[in-house]
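Survey of secondary and tertiary structure
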Amino acid sequence: MKKSFFQALRILLSKPPKRKETSENTPAQKYIRPSSDTEKLLQMAEEPEVAYLNKPLYDSIDDTIAYIKAVQGNCFDLVIRQMHLKNAWDKQRIAVVYISGVSDKKIIDESILKTISDNYRNIPKQDKQDSTFDYFNNFIMTLSSVRNTEEFGELFITLLNGDVIILVEGVKKCFLIDAKIKNERAIEAPMAQVSVKGGNEAFNESLSTNVCLIRRRIRNPHFRMEKYILGKKSNTSVVVMYIHGVADPKLVKEVKTRVEGIDAENILDSEYVSFYLREKQWTMFQTIFSTERPDTVVASLFEGRVAILVDGSPFALVAPMLFVQALQSPEDYYMKGYIASFVRYTRFVAFFVGLYLPAIYISLIHFHSELLPIDLLLSIAGQRNALPFPGFLEIVLIMFFFDLLRESGTRMPTSLGSSLSFLGAIIIGESAVQAGLFSSIIVIVVTITAICSLTIPDYFLNLTLTVLRYLFLIAAILGGLYGVTLASLALLTHLCSLRSFGFNYLSSYAPFSASGMEDSLIRGKINKIFRRNKNISAEYPY
Amino acid sequence: MKKQKIYILLIIAFGLLMLSGCKKLDVSEYTTVIAMGIDKSEKGVKVSAQAVNDYVLGSKPTQSSPVVIFSEEGATVYDAYLKLASFSVNRLFIFHIQCLVIGAELAQEGIEEYIEFFVHYWETQHNFNVVVAHDEKAEDVLKMRSLLHNIPAVAVESKLENFEKIYGVSKITFIDEIVTALKLPNICLTLSSIAIVGDKEKGKDNEATQTTDPEMKLKASTIAVFKNDKMLGWLSEEESLGFRHIYDKIEKTVLHIEHNNKLIYVGVKNTSCKMSFKLEKGEPTIILKHKMNVTVPVEIAPNEMNQIRDKINEDLRRLMDLAIFTAQNKYNADIFGFCETIHQTNPEYYQSIKDRYDTVFPTIKVRYQFETTIDRTRSK
């Protein structure tokens with residue numbers, strides 16, 4: 001018995017045997033079409049993955065096409081059309097290469113090929129002194145968006161982005177023509193930050209649309225947009241935007257340095273970029289602001305910040321971020337100052353209530369019941385009389401239950417989603433009270449907490465609060481109000497130590513600057529918010 | 001290195017929390033006592049506690065009483081208080097007591113040794129009201145149910161507060177005042193009292209709360225005079241009012257004057273009284289400067305103002321004279337605090353009379369200075 005147990009344990013804990021390199025395990029070679037130069041092609045297919053980036057094009061079209069096919073494998077949507085063009089002097093062979101899913105066949109057929117064939121035939125007898133490539137460039141390819149390249153890297157990236165490649169026999173360059181299909185979601189209302197008075201456009205997943213949304217709002221020639229291609233395997237386009245002259249040049253340089261230094265395998269979302277861009281400090285708070293509204297991004301650009309758009313992500317990043325931004329909503333700037341300030345106060349209060357209420361509740365009834373007035377105390381004592389769970393277990397359970405509800409609500413299919421809404425949570429809470437499991441007051445406490453934390457405009461701070469609430473609750477359970485004070489001190493110290501691109505995270509409050517307070521707790525006058533000497537446009541700390 | 005730092009930080013943080021020594025009971029794990037009473041008994045003292053029955057206060061409405069009275073005898077208060085645990089399910093927690101009732105018999109014997117428990121016990125706070133039961137036992141007072149609030153102690157407390165605010169006869173006394181009065185020589189303590197009007201036995205039942213005219217009512221009553229921690233007696237209502245005019249600030253009360261052969265009431269607001277001392281021809285004299293705002297509900301001509309004012313002052317003077325006369329002659333107790341004023345203005349004189357204050361106090365003359373402001377009169 002014992003022996004077999006130990007044998008079983010040994011088998012469990014032992015490492016699996018290494019895979020030997022048999023003939024079945026090597027990468028399959030069946031995708032390479034046999035050609036005259038089989039060995040050369042075999043050599044091509046076995047090169048390391050990113051060798052195509054700097055590889056120059058081949059002279060002959062056949063070789064180039066064979067290489068493209070070798071790297072891409074047998075992609076069924078890769079379309080290669082070889083043609084002979086004839087004019088008065090000689091024949092010329094060209095090849096048109098595109099991927100049918102992302103390139104628009106209509107543009108190719110009607111504009112590109114038509115232009116080529118018309119021009120090639122109709123060129124009168126003149127001396128042909130240019131090289132073949134220049135001849136093609138100047139006389140034949142009279143289309144507007146033509147570029148050329150000599151390397152396979154750009155060829156592949158533009159091919160995969162949706163452009164058409166025209167290969168010319170005997171020339172080591174190729175033409176790249178823009179023929180992208182726009183297959184994207186329409187511009188819809190934002191999901192998280194909805195505004196009543198301001199516009200309700202949100203970014204969608206396509207980089208060109210997002211750039212267009214911002215361009216429409218800034219018509220300044222100093223507005224700079226610089227494109228980077230990041231991610232060794234995903235080749236995602238990332239655009240860094242700023243207004244030259246408004247943004248601090250050192251901040252711009254810092255952002256650009258960090259973006260250029262991104263050494264990632266793939267970039268799928270703006271969160272990936274934000275991971276590489278932010279300072280390496282362990283925190284639950286966001287140090288780069290993400291937003292899906294173009295008007296927020298444009299306002300930040302005018303304040304002197306730098307914005308980053310990532311292809312495939314509807315969220316734009318804005319650097320740097322201060323803590324107060326999480327409590328600002330774009331709606332504030334479309335109302336009168338006094339009303340907006342009042343609404344901001346309620347948000348600040350809601351932030352603190354959402355963070356502290358469960359902790360203060362548990363510390364008041366468990367440790368400091370002397371602080372409660374007699375009526376409240378007796379009412380709570382009456383409700384908590386014959387309950388099965390002790391106080392702290394009760395509140396942990398019900399907070400966890402509410403978090404589960406929130407999470408399942410986001411994942412529920414729409415047909416069931418409405419039935420498990422917030423009201424449903426309260427009804428379930430009421431049934432639990434009737435069943436004698438919880439006291440009514442705890443349902444109210446948790447509901448108020450959840451409502452308050454949903455008031456926060458920035459969805460990510462909401463999620464952070466969800467975690468922090470538990471920590472404060474544990475601190476309260478262990479130490480009462482003293483524990484809550486210690487936890488607050490720890491949190492405050494942590495927030496003060498955060499940096500976002502060199503700026504202090506609690507910038508207007510922690511190193512206090514009166515001029516920066518105009519947009520934090522109160523919303524000051526519009527003409528004062530965009531002055532130059534604010535905390536962001538101030539001197540870069542480094 | 002960084003990971004090590006984090007672990008050390010976590011250990012320190014956890015240690016800070018665990019070592020703080022904050023271990024208390026949950027709200028549902030103790031029984032709240034909201035009123036206590038002390039009585040005389042053969043063994044020493046009988047302590048009664050009015051404890052709240054949590055079960056009844058929950059969301060399920062029941063017929064049972066929301067409070068329960070426990071009483072136990074013991075040699076000292078602490079002894080009897082601990083013995084009360086034999087009656088209760090949970091630990092008794094006397095932090096939230098609203099009032100302390102002292103039985104009349106015990107008050108006449110001396111309260112100092114029994115009050116001392118409530119001053120020094122660490123679980124009490126010092127903001128509860130101390131009252132004397134008017135010719136009753138404290139236990140009986142605590143057993144009475146009230147129509148006006150579910151929990152009788154809160155009703156009692158509210159009645160006293162209310163009476164103090166509206167008519168000005170009661171006095172809210174916290175335990176600090178008692179300690180001061182008992183420690184200082186020559187100054188005498190006064191406490192409000194609470195009386196039971198009607199049938200005591202019927203007041204304990206549930207039926208007392210079900211009718212419009214209950215058989216028993218609790219009433220905030222007049223002021224008790226103590227000397228050297230023993231109760232000497234009661235002041236009548238007029239005397240109590242006069243006493244409070246001198247001693248305390250009254251928010252609202254009533255005086256009566258005769259005008260055009262009719263008795264009219266005068267509403268008095270915001271009185272305050274300052275005492276000063278003078279030796280006039282070797283005789284100790286206290287000068288009382290009294291300020292108040294009055295409202296007269298009749299139309300008076302401007303030349304009659306002074307007349308009316310004099311009449312009002314007369315009535316007030318009558319009340320104050322009554323109070324002082326009773327204090328000086330009947331009880332010989334300096335309840336107003338004259339000795340303090342003497343001590344502040346003329347310390348040498350006070351030193352000389354300190355030991356024989358009992359003989360000097362009845363001879364102190366009092367002069368009045370009134371500053372009555374007629375705020376409003378009714379105009380036709």
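The numbering scheme is per chain: residues are counted from 1 as the chain's sequence reads. All chains are assigned letters beginning at A, and all ligands numbers beginning at 1, according to the order in which they are written. In keeping with the predicted nature of the model, local features appear solely for residues at pLDDT of at least 70, side-chain atom pairs appear and are counted solely at 80 or more, and the whole-chain, interface and lining totals rest on all residues. Side-chain figures throughout are based on the complete set of non-hydrogen atoms in the structure, without hydrogens or water.

A separate point is the overall build of chain A. For chain A, the helix and strand inventory stands at 18 helices and twelve strands. Taken over 542 residues, chain A has a buried fraction of 45%. Residue contacts follow a heavy-atom distance rule, with two residues in contact if any of their heavy atoms lie within 4.5 Å. At a minimum sequence separation of 6, the contacts of chain A that also span at least 24 residues come to 66%. All accessible-area figures derive from a Shrake-Rupley calculation using a 1.4 Å probe, and residue coverage is judged against the displayed protein chains alone. With an accessible surface of roughly 28400 Å², chain A has 59% of that area assigned to carbon and sulfur atoms. By the criteria applied, helices consist of DSSP H or I runs no shorter than four residues and strands consist of E runs no shorter than two, each listed in order from the N terminus. Burial status follows relative accessibility: with a 1.4 Å probe on protein chains alone, a residue under 20% of its type maximum counts as buried, one over 50% as exposed, and anything between as partly exposed.

This part takes up the interface of chain A and chain B. The interface is formed by 24 residues belonging to chain A together with 26 residues belonging to chain B. Using a 1.4 Å probe, buried area is obtained as the accessible area two parts lose upon being combined, added over both of them. In this assembly, chain A packs against chain B so that about 2300 Å² is buried in total across both faces, 63% of it on carbon and sulfur atoms. The largest share of the area that chain A buries against chain B comes from Glu370, Leu378 and Leu478 of chain A, three residues that together contribute 26% of it. Salt bridges, as used here, are contacts in which a Lys or Arg side-chain nitrogen is within 4 Å of a carboxyl oxygen on Asp or Glu. Taken together, the connections running from chain A to chain B amount to zero salt bridges.

This part takes up the nonpolar core. All names here are of chain A. In this structure, Ile214, Met241, Phe285, Val297, Leu301, Leu309 and Phe323 are the most contacted members of the largest nonpolar core, which totals 93 residues. Of the residues forming this core, the biggest block, eleven residues, is contributed by helix H17 (residues 459-497). Excluding residues within four positions of it along the chain, Val297 makes contact with Phe203, Ile214, Met241, Thr291, Ala307, Ala316 and Val318. Working definition of a nonpolar core: buried Ala, Val, Leu, Ile, Met, Phe, Trp, Tyr and Cys residues. They are joined through side-chain atoms within 4.5 Å.

All names here are of chain A. Two strands qualify as a pair provided DSSP detects at least 2 bridges between them. In spatial order, the strands read E1-E2-E4-E5-E3; together these five strands make up an open sheet with antiparallel pairing. Two strands close off the open sheet at either side, each with one partner strand: strand E1 (78-86) and strand E3 (146-149). Averaged over all pairs of adjacent strands, the angle between their axes in this sheet comes to 25 degrees, without regard to strand direction. For strand E4 (residues 164-168) and strand E5 (residues 174-177), the ladder comprises four bridges, and the chain directions are antiparallel. Considered in E5, the bridge of Leu167 is made with Cys174. Working convention: axes come from line fits to C-alpha atoms, limited for helices to the stretch in contact. Angles between N-to-C directions cover 0 to 180 degrees.

Residue and element names in this part refer to chain B. Segmentation into domains, and thus their bounds, comes from an automatic or database assignment. Per the domain assignment, the segments making up chain B are domain 1 (27-234) and domain 2 (237-377). Across the boundary between the two partners, domain 1 contributes 24 residues, which contact 25 residues of domain 2. For the domain 1 and domain 2 pair, buried surface summed over both sides reaches about 2000 Å², with 57% attributable to carbon and sulfur atoms. The interface formed by domain 1 and domain 2 holds two salt bridges in total. For the salt bridge of Glu164 with Arg244, the shortest nitrogen-to-oxygen distance reads 3.5 Å. Definition of a polar contact: a pair of N or O atoms within 3.5 Å, with one able to donate and the other able to accept a hydrogen when the atoms are protein atoms, and with sequence-neighbouring residues admitted only if both atoms are side-chain atoms. One can count ten residue pairs in polar contact (both at pLDDT 80 or more) joining domain 1 with domain 2. Among the secondary structure elements, those contributing two or more residues to the side of domain 1 that touches domain 2 are helix H7 (152-166), strand E8 (216-227) and strand E9 (230-234). Residue contributions to the side of domain 1 that touches domain 2 peak at five residues, all from E8.

This part is about the sheet that holds strand E8 (residues 289-291) of chain A. All names here are of chain A. A sheet is described by the order of its strands in space; here five strands give the open sequence E6-E7-E9-E10-E8, paired in antiparallel fashion. The sheet is open, and its two edges are formed by strand E6 (223-230) and E8, each paired on a single side. Taken pair by pair, the neighbouring strands of this sheet meet at an average axis angle of 25 degrees, ignoring direction.

Residue and element names in this part refer to chain A. You can see Leu251 is positioned in helix H8 (residues 249-260). On the basis of relative accessible area, Leu251 is assigned to the buried category, the value being 0%. Sequence separation between Leu251 and Cys174 is 77 residues, and the spatial gap between their C-alpha atoms is 38 Å.

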